[in-house]
Amino acid sequence: FIGAISDQEKILLHPNGAKENNELKVAESWRDSDFLLNISEARMYAYIAPKEKANGTAVVICPGGGYGGLSVIKEGKEFAKWFNQRCVSAFVLYYRMPNGHYQIPLEDAQTALAIVHRNAKKWNIDEHKIGIMGFSAGGHLASTVGTHFKNAIERPAFMILGYPVVTMGSKYTHQGSRENLLGKNPSEELVKRFSNELQVTKETPPTFIVHAKDDRTVPIINSENLFKALQNRHVLSI
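Described below are features of the structure shown in this document. Just so we're clear, the structure is a prediction, and the values are computed from it rather than from any experiment.

The next subject is the side chain of Glu-154. Relative to the assigned elements, Glu-154 resides in the loop between helix H3 (137–147) and strand E9 (159–162). Buried Glu-154, no salt bridge; nearest opposite-charge side chain is Lys-150, N-O distance 6.2 Å. One polar contact links Glu-154 to Gln-110, side chain to side chain, over a distance of 3.4 Å. Looking at Glu-154, its side chain comes within polar contact range of the main-chain nitrogen of Lys-150, at 2.8 Å. The residues touching Glu-154, leaving out its near neighbours within four places in the chain, are Gln-110, Leu-113, Val-145, His-148 and Phe-149.

Time to look at the sheet that holds strand E3 (residues 35–37). Strand pairing within a sheet occurs via backbone hydrogen bonds; the two strands may be parallel or antiparallel. Pairing within the open sheet is antiparallel, and its three strands lie in the order E2-E3-E6. Single-partner strands in this sheet number two, and they are strand E2 (29–30) and strand E6 (69–71). With three bridges connecting them, E3 and E6 associate as antiparallel partners. Of the residues in E6, the one forming a bridge with Leu-37 is Gly-69.

With that settled, consider the packing of aromatic side chains. To describe a pair of aromatic rings, one takes the distance between the centres and the angle between the planes. Applying the stated criterion across every chain yields a total of seven aromatic pairs. Pairing Phe-91 with Trp-123 gives two aromatic rings, centres 5.2 Å apart and planes at 40 degrees, and the pair type is tilted. Of this pair, Phe-91 sits in strand E7 (residues 89–94) while Trp-123 sits in the loop between helix H2 (103–118) and strand E8 (130–135); the two residues are 32 residues apart in sequence, bridging distant segments of the chain. For the residue pair Phe-91 and Trp-123, the accessibility class agrees, reading buried in each case. Between Tyr-102 and Phe-194 the ring centres are 5.5 Å apart and the planes differ by 65 degrees, which places this aromatic pair in the edge-to-face class. A residue pair is termed long-range when its members are at least 10 positions apart, and Tyr-102 in the loop between E7 and H2 and Phe-194 in the loop between helix H5 (188–193) and strand E10 (207–210) qualify at 92 residues. A relative accessible area of 26% means that Tyr-102 is categorised as partly exposed. Take Phe-194: its relative accessible area is 2%, and that puts it in the buried class. Through pairs of rings, three or more aromatic residues link up here, namely Phe-79, Phe-135 and Tyr-163.

Thresholds applied
Here the residue numbers are simple positions, counted from 1 along each chain's written sequence. pLDDT decides what is reported in this predicted model: residues at 70 or higher carry local features, side-chain atom pairs at 80 or more are listed and counted, and totals for whole chains, interfaces and linings draw on all residues regardless. Calculated side-chain values reflect all of the structure's heavy atoms, with hydrogen atoms and water omitted. Each helix is a run of DSSP H or I of at least 4 residues and each strand a run of E of at least 2, with the numbering of both proceeding from the N terminus. Exposure categories follow from relative accessible area, calculated using a 1.4 Å probe and restricted to protein chains: below 20% of the type maximum is buried, above 50% is exposed, and the middle band is partly exposed. When charges are counted, Lys and Arg contribute as positive and Asp and Glu as negative, whereas His and the chain ends are disregarded. One side-chain nitrogen of Lys or Arg within 4 Å of one carboxyl oxygen of Asp or Glu is enough to make a salt bridge. By the criterion applied in these results, polar contacts are pairs of N or O atoms within 3.5 Å in which, for protein atoms, one can donate a hydrogen and the other can accept it, and in which residues neighboring in sequence qualify only through two side-chain atoms. The criterion used for residue contact is that any of the two residues' heavy atoms lie within 4.5 Å. Pairing between strands is defined by DSSP: at least two bridges between them are needed. Aromatic rings from Phe, Tyr and Trp, taking only the six-membered ring of Trp, are treated as a pair when their centres fall within 6.5 Å; an angle between ring planes under 30 degrees marks them as stacked, one over 60 as edge-to-face, and anything in between as tilted.

Laid out in C-alpha coordinates, this is it:
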(Lines give C-alpha, C1' and ligand atoms only; values in the text may rest on other atoms or scores of the structure.)
Protein backbone atom coordinates (compact mmCIF):
# COMPACT_ATOMS: atom_id res chain seq x y z
CA PHE A 1 0.00 0.00 0.00
CA ILE A 2 2.70 2.50 0.95
CA GLY A 3 4.56 1.69 -2.27
CA ALA A 4 1.57 2.83 -4.31
CA ILE A 5 1.91 6.36 -2.95
CA SER A 6 4.88 7.16 -5.19
CA ASP A 7 2.92 6.24 -8.32
CA GLN A 8 1.56 9.67 -9.10
CA GLU A 9 0.13 10.77 -12.44
CA LYS A 10 0.88 14.15 -13.99
CA ILE A 11 -2.30 15.73 -15.33
CA LEU A 12 -2.18 18.84 -17.52
CA LEU A 13 -5.05 21.20 -16.73
CA HIS A 14 -5.15 22.89 -20.13
CA PRO A 15 -3.70 20.41 -22.65
CA ASN A 16 -5.05 22.48 -25.55
CA GLY A 17 -3.95 25.81 -24.10
CA ALA A 18 -5.45 28.05 -21.42
CA LYS A 19 -7.79 30.95 -22.14
CA GLU A 20 -5.45 33.46 -20.52
CA ASN A 21 -1.65 33.68 -20.47
CA ASN A 22 0.19 34.85 -17.36
CA GLU A 23 2.82 36.54 -19.56
CA LEU A 24 5.77 35.38 -17.50
CA LYS A 25 8.90 35.56 -19.64
CA VAL A 26 11.14 33.39 -17.48
CA ALA A 27 11.24 29.61 -17.25
CA GLU A 28 10.27 27.56 -14.22
CA SER A 29 13.14 27.08 -11.80
CA TRP A 30 13.77 25.67 -8.34
CA ARG A 31 14.73 28.18 -5.66
CA ASP A 32 15.62 25.21 -3.46
CA SER A 33 14.60 21.56 -3.15
CA ASP A 34 11.05 22.51 -2.06
CA PHE A 35 10.14 25.78 -3.75
CA LEU A 36 9.29 26.04 -7.47
CA LEU A 37 9.25 29.50 -9.10
CA ASN A 38 7.56 31.00 -12.17
CA ILE A 39 5.01 28.31 -12.93
CA SER A 40 3.32 28.75 -16.30
CA GLU A 41 2.31 25.15 -17.07
CA ALA A 42 -0.82 24.41 -15.03
CA ARG A 43 -0.89 20.81 -13.85
CA MET A 44 -1.59 18.57 -10.92
CA TYR A 45 -0.14 15.34 -9.62
CA ALA A 46 -2.62 12.65 -8.63
CA TYR A 47 -2.11 10.44 -5.60
CA ILE A 48 -4.97 7.98 -5.96
CA ALA A 49 -5.91 5.82 -3.00
CA PRO A 50 -5.95 2.09 -3.95
CA LYS A 51 -9.41 0.89 -4.91
CA GLU A 52 -9.66 -1.65 -2.12
CA LYS A 53 -8.90 1.00 0.52
CA ALA A 54 -10.32 4.24 -0.92
CA ASN A 55 -13.01 5.84 1.27
CA GLY A 56 -14.35 8.00 -1.55
CA THR A 57 -12.94 11.30 -0.29
CA ALA A 58 -10.59 13.44 -2.37
CA VAL A 59 -8.81 16.74 -1.81
CA VAL A 60 -7.12 19.19 -4.18
CA ILE A 61 -4.11 20.69 -2.41
CA CYS A 62 -2.98 24.26 -3.19
CA PRO A 63 0.59 24.88 -1.92
CA GLY A 64 1.52 28.38 -0.83
CA GLY A 65 4.28 30.71 -1.94
CA GLY A 66 2.99 34.27 -2.10
CA TYR A 67 1.59 33.77 -5.63
CA GLY A 68 5.19 33.88 -6.82
CA GLY A 69 6.09 30.22 -6.41
CA LEU A 70 4.93 27.04 -4.70
CA SER A 71 6.18 25.04 -1.72
CA VAL A 72 5.34 21.83 -3.55
CA ILE A 73 6.93 19.36 -1.13
CA LYS A 74 6.17 20.65 2.38
CA GLU A 75 2.73 21.99 1.46
CA GLY A 76 1.97 19.53 -1.31
CA LYS A 77 3.53 16.11 -1.73
CA GLU A 78 3.97 15.44 2.00
CA PHE A 79 0.29 16.12 2.67
CA ALA A 80 -0.77 14.07 -0.34
CA LYS A 81 1.12 11.10 1.10
CA TRP A 82 -0.47 11.69 4.53
CA PHE A 83 -3.94 11.66 2.99
CA ASN A 84 -3.14 8.54 0.96
CA GLN A 85 -2.19 6.69 4.13
CA ARG A 86 -5.69 7.53 5.38
CA CYS A 87 -7.41 6.18 2.26
CA VAL A 88 -8.04 9.65 0.76
CA SER A 89 -7.06 10.51 -2.82
CA ALA A 90 -5.10 13.74 -3.15
CA PHE A 91 -4.12 16.02 -6.00
CA VAL A 92 -1.24 18.49 -5.67
CA LEU A 93 -2.07 21.54 -7.77
CA TYR A 94 0.69 23.41 -9.58
CA TYR A 95 -1.37 26.48 -10.42
CA ARG A 96 0.07 29.16 -12.65
CA MET A 97 1.55 32.24 -11.05
CA PRO A 98 -0.82 35.13 -11.75
CA ASN A 99 1.72 37.87 -12.48
CA GLY A 100 -1.17 40.32 -11.99
CA HIS A 101 -3.66 38.21 -13.98
CA TYR A 102 -5.91 37.63 -10.99
CA GLN A 103 -8.31 35.16 -12.61
CA ILE A 104 -5.62 32.62 -13.52
CA PRO A 105 -5.14 30.76 -10.20
CA LEU A 106 -8.91 30.48 -9.70
CA GLU A 107 -9.35 29.20 -13.24
CA ASP A 108 -6.70 26.55 -12.62
CA ALA A 109 -8.19 25.44 -9.30
CA GLN A 110 -11.71 25.23 -10.74
CA THR A 111 -10.38 23.26 -13.70
CA ALA A 112 -8.65 20.86 -11.31
CA LEU A 113 -11.91 20.29 -9.42
CA ALA A 114 -13.73 19.68 -12.70
CA ILE A 115 -11.15 17.07 -13.75
CA VAL A 116 -11.54 15.23 -10.43
CA HIS A 117 -15.32 15.28 -10.82
CA ARG A 118 -15.06 14.02 -14.39
CA ASN A 119 -12.86 11.09 -13.36
CA ALA A 120 -14.53 10.37 -10.03
CA LYS A 121 -15.86 6.97 -11.00
CA LYS A 122 -12.53 5.84 -12.47
CA TRP A 123 -10.67 6.96 -9.34
CA ASN A 124 -13.24 5.57 -6.86
CA ILE A 125 -14.15 9.03 -5.61
CA ASP A 126 -17.54 10.17 -4.34
CA GLU A 127 -18.44 13.36 -6.25
CA HIS A 128 -19.98 14.74 -3.05
CA LYS A 129 -16.70 14.36 -1.13
CA ILE A 130 -14.24 16.42 -3.20
CA GLY A 131 -12.68 19.21 -1.15
CA ILE A 132 -10.00 21.88 -1.39
CA MET A 133 -6.99 22.58 0.83
CA GLY A 134 -4.48 25.41 0.84
CA PHE A 135 -1.66 27.02 2.77
CA SER A 136 -0.78 30.71 3.01
CA ALA A 137 -1.37 32.16 -0.50
CA GLY A 138 -2.62 28.70 -1.45
CA GLY A 139 -5.08 29.16 1.41
CA HIS A 140 -6.22 32.35 -0.27
CA LEU A 141 -6.75 30.42 -3.48
CA ALA A 142 -8.60 27.63 -1.67
CA SER A 143 -10.85 30.13 0.12
CA THR A 144 -11.45 31.90 -3.20
CA VAL A 145 -12.61 28.58 -4.66
CA GLY A 146 -14.91 28.11 -1.67
CA THR A 147 -16.49 31.55 -1.95
CA HIS A 148 -16.56 32.26 -5.70
CA PHE A 149 -18.15 29.11 -7.14
CA LYS A 150 -21.01 29.39 -9.64
CA ASN A 151 -22.22 25.80 -9.83
CA ALA A 152 -22.07 22.43 -8.05
CA ILE A 153 -18.93 21.29 -9.87
CA GLU A 154 -17.01 24.41 -8.81
CA ARG A 155 -18.15 24.17 -5.17
CA PRO A 156 -15.80 22.10 -2.98
CA ALA A 157 -17.42 19.82 -0.40
CA PHE A 158 -15.12 21.24 2.28
CA MET A 159 -12.21 23.62 2.81
CA ILE A 160 -9.05 22.99 4.85
CA LEU A 161 -7.04 26.18 5.33
CA GLY A 162 -3.57 26.42 6.86
CA TYR A 163 -2.46 29.92 7.93
CA PRO A 164 -4.38 31.32 4.96
CA VAL A 165 -4.09 34.74 3.41
CA VAL A 166 -7.77 35.71 3.31
CA THR A 167 -8.04 39.46 2.93
CA MET A 168 -6.59 41.64 0.19
CA GLY A 169 -7.09 44.78 2.30
CA SER A 170 -3.72 46.50 2.67
CA LYS A 171 -3.74 46.59 6.50
CA TYR A 172 -3.77 42.85 7.19
CA THR A 173 -2.94 41.09 3.93
CA HIS A 174 0.34 39.48 2.92
CA GLN A 175 1.64 42.25 0.69
CA GLY A 176 3.60 40.05 -1.70
CA SER A 177 0.58 37.84 -2.33
CA ARG A 178 -1.62 40.86 -2.94
CA GLU A 179 0.79 42.48 -5.39
CA ASN A 180 1.47 39.27 -7.32
CA LEU A 181 -2.24 38.51 -7.60
CA LEU A 182 -3.83 41.93 -8.10
CA GLY A 183 -0.95 44.15 -9.23
CA LYS A 184 0.61 47.19 -7.58
CA ASN A 185 -2.46 49.45 -7.53
CA PRO A 186 -5.63 47.35 -7.53
CA SER A 187 -9.05 48.99 -7.53
CA GLU A 188 -11.16 48.98 -4.37
CA GLU A 189 -13.66 46.75 -6.18
CA LEU A 190 -10.96 44.18 -6.94
CA VAL A 191 -9.62 44.26 -3.38
CA LYS A 192 -13.13 43.66 -2.04
CA ARG A 193 -13.83 40.87 -4.53
CA PHE A 194 -10.77 38.91 -3.43
CA SER A 195 -11.10 39.63 0.29
CA ASN A 196 -12.77 36.31 0.93
CA GLU A 197 -14.02 37.09 4.42
CA LEU A 198 -16.42 39.47 2.62
CA GLN A 199 -17.58 36.79 0.16
CA VAL A 200 -18.87 34.17 2.61
CA THR A 201 -22.50 33.08 2.18
CA LYS A 202 -24.63 30.36 3.73
CA GLU A 203 -23.57 28.16 0.77
CA THR A 204 -19.86 28.36 1.64
CA PRO A 205 -18.65 24.82 2.41
CA PRO A 206 -17.73 23.56 5.91
CA THR A 207 -14.28 24.85 6.81
CA PHE A 208 -11.38 23.79 9.02
CA ILE A 209 -8.80 26.50 9.78
CA VAL A 210 -5.42 26.21 11.51
CA HIS A 211 -3.27 29.28 12.19
CA ALA A 212 -0.61 30.17 14.79
CA LYS A 213 -1.37 33.22 16.92
CA ASP A 214 2.20 34.50 16.58
CA ASP A 215 2.41 34.13 12.78
CA ARG A 216 4.59 37.00 11.60
CA THR A 217 4.07 36.40 7.89
CA VAL A 218 0.29 36.10 7.61
CA PRO A 219 -1.48 37.92 10.47
CA ILE A 220 -3.90 35.62 12.29
CA ILE A 221 -6.67 38.19 11.88
CA ASN A 222 -7.03 36.79 8.36
CA SER A 223 -8.30 33.52 9.85
CA GLU A 224 -10.16 35.19 12.69
CA ASN A 225 -12.22 37.39 10.37
CA LEU A 226 -12.99 34.47 8.08
CA PHE A 227 -14.08 32.37 11.06
CA LYS A 228 -16.40 35.17 12.24
CA ALA A 229 -17.90 35.48 8.76
CA LEU A 230 -18.51 31.72 8.62
CA GLN A 231 -20.14 31.76 12.03
CA ASN A 232 -22.34 34.71 11.06
CA ARG A 233 -23.59 32.70 8.06
CA HIS A 234 -24.03 29.56 10.18
CA VAL A 235 -21.42 27.63 8.19
CA LEU A 236 -19.84 24.72 10.06
CA SER A 237 -16.30 25.81 10.92
CA ILE A 238 -13.55 24.89 13.38
